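Take a look at the letters that make up each chain.
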Amino acid sequence: MTVHIGAKPGDIAETVLLPGDPYRAKWAAETFLTDVKLVNEVRGMLGFTGMWNGNRVTIHGSGMGMPSLSIYANELMKDYGAQTLIRIGSCGGMQDSVKVRDVIIAMTATSLSTPSRGIFKEINFAPCADYGLLRAAADAATAKGTPTHVGGIYSSDVFYDERPDLNEQMTRHGILGVEMEAAELYNLAARHGRRALAVLTVSDHLLTGEALPSEDREKSFGDMVEIALQAAFA
Ligand code: HPA
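Residues numbered from 1 in each chain as written. Predicted model: local features only at pLDDT ≥ 70, side-chain atom pairs only at ≥ 80, totals over all residues. Heavy atoms only, no water.

Q: Help me understand the site of the ligand in this model?
A: Close to the ligand lie Ser90, Cys91, Gly92, Phe159, Val178, Glu179, Met180, Ser203, Asp204 and Leu206, which account for all nearby residues. Within the contact set of the ligand, a nitrogen atom lies 3.3 Å away from a backbone nitrogen or oxygen of glycine 92. Within the side chain of aspartate 204, a nitrogen or oxygen atom sits 2.9 Å from a nitrogen atom of the ligand. Computed on the free molecule, the ligand has an accessible area of 260 Å², of which 88% lies beneath the protein chains in the complex. The pocket occupied by the ligand, as judged from atoms lying within 2 Å of grid points, is the largest pocket. Within the residue set of the shell around the ligand, elements represented by two or more residues are β5 (84–93), β8 (177–179) and β9 (195–205). For the shell around the ligand, the element with the highest residue contribution is β5, accounting for 3 residues. (Near = heavy atom within 4 Å. Polar contact = N/O pair within 3.5 Å; in protein donor to acceptor, adjacent residues only side chain to side chain. Areas by Shrake-Rupley, 256 points an atom, 1.4 Å probe, with all protein chains shown as cover. 1 Å grid on protein atoms, 1.4 Å probe; cavity = no way out; pocket = protein on both sides within 12 Å on 5 of 7 lines; lining within 4 Å. Sits in = over half its atoms within 2 Å of the grid points. Helix = DSSP H or I, 4+ residues; strand = E, 2+ residues; numbered from the N terminus.)

Given below as structure tokens:
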């Protein structure tokens, strides 16, 4: 047990998928895993461990935003020995070429600030994905025929952004989409020598204002979970 995770030692698999929403963790575990066991429910943050194609995997909520993800990812890496951590979540599209329902595989994650800022100080560290996971996810997405983009994303600290000029600069510099967690996951993976990746579904679009209808969310989310699982065990 840790401060925020009630799982017993050994309850957490070496491979962890991290959706922001604990109910997405529940849905993904019940949909894609067998022999599913609830391993955490402290503060309503649900985590499940089960089997996928003979491989043990945990699907655990991260909460929204980097401070929340940082708590869970720190404890999963340092206390439970998680080796491969893949964020699965939604993002807002930032390029005309990126459409709602497309998948984005995040090669890098730019940010204004992360919980690691205090360590890096004057250094602008470049948080990047594990290349093997990135390549395997891109291969899995291609095999599935899912429209997919690989490139940089923006991990923002705000959903209700009062500085739209920052988003404009991101778009101008080729950033594919905006979410709120990946940069800190990549920082922590670098610090602790673990593998990390973010696979994201485009749920809304900052340039067009389009949003994924709720009835389509499950299918798009499912494609992303399958890509993440295939990448983890490639
Ligand atoms: N901004 C930040 N995070 C997000 C968004 C967004 O537009 N869409 C999904 N996650």
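Further notes follow.
Q: Sorry, what's going on with the side chain of threonine 49 here?
A: Mapping threonine 49 onto the fold places it in strand β3 (residues 47–52). Among the polar contacts made by the side chain of threonine 49, one reaches the main-chain carbonyl oxygen of aspartate 11 at a distance of 2.7 Å. In contact with threonine 49, other than residues within four places in its own chain, are Asp11, Ile12, Ala13, Asp35, Val36, Lys37, Val39, Arg56, Val57 and Thr58. (Contact = heavy atoms within 4.5 Å.)

Q: Would you mind showing me how to read the UniProt feature "domain: Nucleoside phosphorylase" (unreviewed entry) in the protein chain here?
A: Under the local residue numbering, the UniProt record ascribes the feature "domain: Nucleoside phosphorylase" (unreviewed entry) to residues 16–225. Secondary structure over residues 16–225 splits into 35% helix and 30% strand, and the C-alpha atoms at its two ends are 12 Å apart. (UniProt positions renumbered as here; feature names shortened; annotations may be inferred.)

Q: Please explain the pairing of β3 as it appears in this structure.
A: Moving residue by residue along a regular strand, the side chains alternate between the two faces of the sheet. In terms of burial, β3 is a largely internal element, 5 of the 6 residues being buried. Sheet topology note: the strand β2 (residues 34–40)/β3 ladder contains 4 bridges and is antiparallel. Counted as the bridge partner of asparagine 40 is glycine 47 from β3. Where β2 folds back onto β3 in an antiparallel hairpin, the turn is made up of 6 residues, including arginine 43, whose phi is positive at roughly 60°. For β3 and strand β4 (residues 55–60), the ladder comprises 6 bridges, and the chain directions are antiparallel. The residue bridging glycine 47 from the neighbouring strand is histidine 60, located in β4. (Buried < 20%, exposed > 50% of the residue type's maximum accessible area, 1.4 Å probe, protein only. Pairing = 2+ DSSP bridges.)

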